[in-house]
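If you want the building blocks of each chain, they are given just below.
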Amino acid sequence: MNRRSSLKVALATLLSASLLASCGTNSGTNTQATQAESTTVSSSSKPALTQPPATNPADATVQRLNYPVSGGDPNQNWADLYLPPGQHDAATLPLLVFIHGGAWMNTSGAEGADRIARDLTARGIAVYNVEYRRVHSGGGWPTTFTDVAAAIDHVPTLSQQYPELNLDASIVAGHSAGAQLAVWGATRNNNTGDLLGGHPQFKPSEIISLSGPLDLSWAANHGDTRIEYAIGGTPEQYPDRFESVDPILNMDPTIPVVAVHGDADDLVPKENSIHYVDALNADNGKGELVLLMNENHTSYLKADSPSYPKVIDLITQTAYRH
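First, a word on scope: everything that follows refers to the structure included in this document. (Residues numbered from 1 in each chain as written. Predicted model: local features only at pLDDT ≥ 70, side-chain atom pairs only at ≥ 80, totals over all residues. Heavy atoms only, no water.)

With 12 residues, helix α9 (residues 271-282) should cover 16 Å at 1.5 Å per step; its first-to-last C-alpha distance of 16 Å lies within 8% of that length. Counting buried positions over the 12 residues of α9 gives 9, a clear majority of the element. Restricting attention to buried positions, one finds in α9 the residues Asn 272, Ser 273, Ile 274, Tyr 276, Val 277, Asp 278, Ala 279, Leu 280 and Asn 281. Where the residues of α9 are buried, they touch α5 (177-187), α6 (216-220), β7 (257-262) and β8 (287-292). Residue Asn 284 follows α9 closely and has a positive phi angle near 65°. (Helix = DSSP H or I, 4+ residues; strand = E, 2+ residues; numbered from the N terminus. Expected span 1.5 Å × (residues − 1). Buried < 20%, exposed > 50% of the residue type's maximum accessible area, 1.4 Å probe, protein only. Contact = heavy atoms within 4.5 Å.)

Here we take up the nonpolar core. Ranked by internal contacts, the top residues of the largest apolar core, which has 56 residues, are Val 97, Tyr 128, Val 130 and Phe 145. With residues up to four places along the chain from it excluded, the contact list for Phe 145 reads Trp 104, Gly 140, Gln 180, Leu 181, Trp 184, Leu 196, Ala 230, Ile 231 and Val 245. The next biggest cluster of nonpolar side chains, apart from the first, holds 28 residues, and it includes Tyr 82, Ile 116, Leu 210 and Ile 312. (Core = buried A, V, L, I, M, F, W, Y, C linked by side-chain atoms within 4.5 Å.)

Under the defined criterion, the tally for this structure stands at 2 aromatic pairs. Between the aromatic rings of Trp 141 and Phe 145, the centroid separation amounts to 5.3 Å while the plane-to-plane angle is 55°, which identifies the pairing as tilted. According to the relative accessible area criterion, Trp 141 is partly exposed, its value standing at 24%. Since its relative accessible area comes to 0%, Phe 145 is described here as buried. Ring centres of Phe 145 and Trp 184 lie 6.1 Å apart, and the angle between their planes is 85°; on these two criteria the pair is classed as edge-to-face. (Phe/Tyr/Trp six-rings, centres within 6.5 Å; stacked < 30°, edge-to-face > 60°.)

Read from one edge of the open sheet, 8 strands run β1-β2-β4-β3-β5-β6-β7-β8, paired in mixed fashion. Edge positions in the open sheet fall to β1 (61-66) and β8, since each of these has one partner strand only. Looking at each pair of strands side by side, their axes are set apart by 20° on average, direction ignored. Strand contacts of α9: β7 and β8, with the helix running at about 160° to β8, the strand carrying the most contacts. (Pairing = 2+ DSSP bridges. Axes fitted to C-alpha atoms, helices over the stretch in contact; angles between N-to-C directions.)

Under the definition given, this model contains 9 salt bridges. For Asp 153, the salt bridge goes to Arg 188, with nearest N and O atoms at 2.6 Å. Within this pair, whereas Asp 153 is found in helix α3 (residues 143-153), its partner Arg 188 is found in the loop between α5 and β6 (206-210), the two being separated by 35 residues in sequence. Between Glu 206 and Arg 321 there is a salt bridge, with the nearest N and O atoms lying 2.7 Å from each other. Placement of Glu 206 in strand β6 and of Arg 321 in the segment after α10 (308-320) is noted, with a sequence separation of 115 residues between them. (Salt bridge = Lys/Arg side-chain N within 4 Å of Asp/Glu carboxyl O.)

With that settled, consider the packing of helix α2 (residues 114-121) against α10. Interaxial distance between α2 and α10 falls to 10 Å at its minimum, and their mutual angle equals 55°. Between α2 and α10, the interaxial angle falls into the category oblique. Classified by chirality, the crossing of α10 by α2 is right-handed. For the pair α2 and α10, the contacting residues are Arg 115, Ile 116, Asp 119 and Leu 120 in the first and Tyr 308, Ile 312, Ile 315 and Thr 316 in the second. Taken together, the residues that form the contact of α2 with α10 break down as 5 nonpolar, 1 polar and 2 charged. (Parallel < 35°, antiparallel > 145°, perpendicular 65-115°, else oblique. Left-handed = near helix turned anticlockwise from the far one by under 90°. Nonpolar A, V, L, I, M, F, W, Y, C, P; charged D, E, K, R; others polar.)

To continue, consider the side chain of Arg 133. For Arg 133, the location among the structural elements is in the loop between β4 (126-130) and α3. There is a polar contact of 3.0 Å between the side chain of Arg 133 and the backbone oxygen of Gly 71. Side-chain polar atoms of Arg 133 contact the side chain of Asp 147, separated by 2.8 Å. (Polar contact = N/O pair within 3.5 Å; in protein donor to acceptor, adjacent residues only side chain to side chain.)

This is how it looks when you write it as structure tokens:
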């Protein structure tokens, strides 16, 4: 199965004109980004959410929850649910599901996303920050992928336990390897039941990829050997495995995707995001590329980066337009 298409982009930008100028929003060679406001059809007739005044990030409440997964490890199959302070009416909190990166290995964990989660709860957004088993800690193929799928599938149950969550204003996002897991995990409803992660239980309103290897086979064939540890080999050795989890081969044109990438990223080249956005738009989907000037793979997620507040703004604006 090959869903790569010729480059044909018609972007509708998520950011304001000033943010576009500073971030360098683009869609690849020979294409132009527009500054029109994008729209998404909501599955509910509920009125749009109103962003509350910002609060102190330290005031968020955090609850650790285990999500169910066959043969799971409760010490690794958990997620921290961050909630803004105070009492909240039903369906009043947008939800961000966040999948951390770390090359699919046990080099970093969900705790590393604590600042991002708290900064978003200060904007009135609930954050479901997911941990999962990784290579060298019980993960790898297929466990790492089925863990993330199970965590995402748990969201409807989570919303029953926490009715303040509004799944009609929900985003799945991730950074680096977590972006591959997030984009694949949120679009696998295009899979048949025979492929890994079939029969998903949750479909978000939008997806945001941060420095993601969204053209997974291309990345593996262009020097990213870390993918081989997660998959168990190369695309030539395991074409079916790559087909099952490669985001560009499992697109869902009904879910808008924003791909954020540092233009100086030499770890996961920006071509990964460019290829994905171009293919999604060519498939009648809604893809957007946000290039962050003079930023590398991780620099824009550091608190002192001028791009960091813009990324927080982007997630916030995306959540509150539903």
